[in-house]
Amino acid sequence: MTITANSQLLNLFSQNRKAINTQTDYMLPTQGAELVYTQDGSGRYLTFYWQHSEVLGLNPDDIVDEFDNKQTFFPVDKVAYLERVQQILTSLVPEKLQCWFSYGQELFELELAIAPIMPKLGKAATTVLVMGRLVQAKVNSATIDAMATKATQTDLAERSQQHQKLVTRITKNIRRNLDLDIIWQQTVDSLGKVLRLEHCIICSYQPSCPKVQVKAQYHQQESTLVLSQEIDLASHPAFAQALATLEPMVMEGHNTLCPQQKVLVVATSYQDQANGLVALSLRDECYPLTESEIELAKEVADQLGTAIAHATLYKELEAARQKAEDASRLKSEFLANVSHEIRTPLNGMIGFLKLILEGMADDPEEQDQFLKEAHHLSIHLLNIINDILDIAKIEAGKMELDCAPVQLAELFSDVDNFMRPQAQMRNLSFQMQLPNTSDEIIVQGNYQRLLQVMLNLVGNAIKFTQEGGITISADIVIKKAKFQEQQYPGMVRVRVADTGIGVSLDKQDKLFQLFSQVDGSRTRQYGGTGLGLAISQKLVEAMGGEVHFYSLGEGLGSTVTFTVPLYQQPVIVSTSDNDFQNIIC
């Protein structure tokens, strides 16, 4: 009872007592108390209302008309009660108290709030307004059942109104936000506080996933659950059934959420597809759930399911937008790098040819040197253009490879002829090793593309190595493999290891991205278009193999491996001294 509410009633009583007597049954029940009456200083009832009157067979009019010595509804300790009333009339200060009242053979413990009805100016207070509620009763079982039924109906009406307000509040919160973490937490907090729950959780769910993940929780006591914890659906059949049927389910005791209580489980969904779960603990003393409350639970779940779908879609759109912006930035950066890479050899070619045309060479030997340099630059330019054309074909899905048996030793020999001079110019060691077999190692692939891949990988190893050396090796993995409906006896794994600059762990994911480099600035030290590894990966995958990159970090060297199907299984010669034949040391 609030002072404001009392003041309004007190003024109303003092202005027109007759109006109060005629309106008690209509106005006083709206003040939120189940028992409301007015008395004078002698304890005589002036007005009386109790929501249990009909159940008890108590007539309010009879109580008001009774004389003091004929009261049937009165305090057990009447003297102490009237002394407290007189004290309140004198001090004009409202008080709360608990006392037992008697009616017939039945006793009622009531919690009362007694306030004086303020008199006109200069007059003494003579009347009190009393509001109260039933704490406990000592009555027969039939009376208890009747009172409980009446109280239950009243409470259900209040709960229904309360729950409808809750749905409205949750809906407003959902519409104001697209952050799923905030939506989840606001929803469990609202459910827990308004419904006075001991525990409530919200879980996310992915279709066909055997587990749900806790995203937000509300609890009054310490909980064993933690955010991001996964709950196995196999051990919680009610969870799985709610997700499958999209109908509310009730779990009895022995559950993860509240082991000693019932739990209401409701699946959230969007377009009839489950995307989450809400689980609410139900106190034992709660009234049974009504159909209207079940519908409200489903409405909350529907609103939340829609919010989850919209927020997820928003995140996906944001991620797609960010990805598109990154791709646009990378392509712009790539074009700048490629233009630089193309202009450099082209300017060199033009310069050397111009020197020859203008007769600037001192002798035929120097003229030959100029021509060789121009030819070398033209080959470099052709390789860059080929890379661009290859990646264009790959992106357009037009890369077609004709595969045939390839001798691995021949492939290694050509790589050695191309790359050894470059390594020697940089004072780097260069080793190539093949498994020791009694017959030739033959792989299934496209020779030119395999050569292109190896030249790319070895060229990168030389470019990024300042000291030490490069080692190219191969080993045979005897494990049946299937590619394009053909069966192969195994795979050959080729390794290109260097002692170069290495790559930090957080940047290695950029290596196989198109148009991407660990250092994307145009003035970087090593140059290149950033297409080599990406093209090599696509070519190897087109031949049924895989490419992997390994590095422990900057300054710790790198190793790139790729696999290719083994055309026929060779006879491997195993010796205790050396399992490899060194082709070039």
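This one's a predicted model, so the numbers in the text were calculated from it and none came from an experiment. (Residues numbered from 1 in each chain as written. Predicted model: local features only at pLDDT ≥ 70, side-chain atom pairs only at ≥ 80, totals over all residues. Heavy atoms only, no water.)

### Here we look at the sheet that holds strand 11 (residues 262-270)
Point 1. Spatially, the 6 strands line up as an open sheet ordered 9-8-7-12-11-10, and their pairing is antiparallel. Two strands lie at the open edges of the sheet, namely strand 9 (230-232) and strand 10 (249-251), each paired on one side alone. Direction aside, the axes of adjacent strands within the sheet are offset by 30° on average.
Point 2. On top of the sheet, helix 7 (residues 180-194) reaches strand 7 (199-204), strand 8 (211-219) and strand 12 (273-282); it is set at about 50° to strand 8, its chief contact. (Pairing = 2+ DSSP bridges. Helix = DSSP H or I, 4+ residues; strand = E, 2+ residues; numbered from the N terminus. Axes fitted to C-alpha atoms, helices over the stretch in contact; angles between N-to-C directions. Contact = heavy atoms within 4.5 Å.)

### Comments concerning the side chain of Ser 551
Point 1. Note on placement: Ser 551 falls in the loop between strand 20 (547-550) and strand 21 (558-566).
Point 2. What makes Ser 551 buried here is its relative accessible area of 9%.
Point 3. In this structure the side chain of Ser 551 is engaged in a polar contact, spanning 2.8 Å, whose partner is the backbone oxygen of Gly 557.
Point 4. Apart from residues no more than four positions distant in its own chain, Ser 551 is found in contact with Gly 502, Val 503, Leu 505, Gln 508, Gly 557 and Ser 558. (Buried < 20%, exposed > 50% of the residue type's maximum accessible area, 1.4 Å probe, protein only. Polar contact = N/O pair within 3.5 Å; in protein donor to acceptor, adjacent residues only side chain to side chain.)

### A word on the environment of Pro 435
Point 1. By the secondary structure assignment, Pro 435 is in strand 14 (residues 429-435).
Point 2. Here Pro 435 falls in the buried class, since its relative accessible area comes to 9%.
Point 3. Along the primary structure Pro 435 and Val 573 are separated by 138 residues, whereas in three dimensions their C-alpha atoms are 8.4 Å apart.

### Let's talk about helix 11 (residues 408-425)
Point 1. For helix 11, with 18 residues, the first-to-last C-alpha span of 26 Å sits near the 26 Å given by 1.5 Å per residue.
Point 2. Maximal helix bending in helix 11 amounts to about 40°, located at Met 419; proline Pro 421 follows within four positions.
Point 3. What helix 11 keeps buried is the set Leu 408, Leu 411, Phe 412, Val 415, Asp 416, Met 419, Arg 420 and Ala 423.
Point 4. Positive backbone phi, approximately 60°, marks Asn 427, located one or two places after helix 11. (Expected span 1.5 Å × (residues − 1). Bend = angle between axes of the 7 residues up to and from the residue.)

### Considering the pattern of salt bridges
Point 1. Under the defined criterion, the tally for this structure stands at 9 salt bridges.
Point 2. Here Lys 211 ties to Glu 230 by a salt bridge, and the two come within 3.9 Å at their closest N and O atoms. Of the two residues, Lys 211 sits in strand 8 while Glu 230 sits in strand 9, which places them 19 residues apart along the sequence.
Point 3. Judged by relative accessible area, Glu 230 falls into the partly exposed class, the value being 47%. (Salt bridge = Lys/Arg side-chain N within 4 Å of Asp/Glu carboxyl O.)

### Observations regarding the side chain of Asp 475
Point 1. One can find Asp 475 in strand 16 (residues 469-477).
Point 2. Of note is the side chain of Asp 475, whose polar atom sits 2.5 Å from the side chain of Arg 495.
Point 3. Look past the residues within four positions of Asp 475 in its chain and what remains in contact with it is Pro 435, Met 491, Val 492, Arg 493 and Arg 495.

### Comments concerning the nonpolar core
Point 1. Counting residues in hydrophobic clusters, the biggest one holds 44 residues, and the most contacted among them are Phe 412, Phe 430, Ile 472, Val 492 and Phe 562.
Point 2. Contributions of two or more residues to this core are made by helix 11, strand 14, helix 12 (447-463), strand 16, strand 19 (490-498), helix 13 (532-542), strand 20 and strand 21.
Point 3. The element best represented in this core is helix 12, accounting for 9 residues.
Point 4. Ranked by size, the runner-up nonpolar core spans 28 residues in total, among them Ile 170, Leu 191, Val 278 and Ala 301. (Core = buried A, V, L, I, M, F, W, Y, C linked by side-chain atoms within 4.5 Å.)

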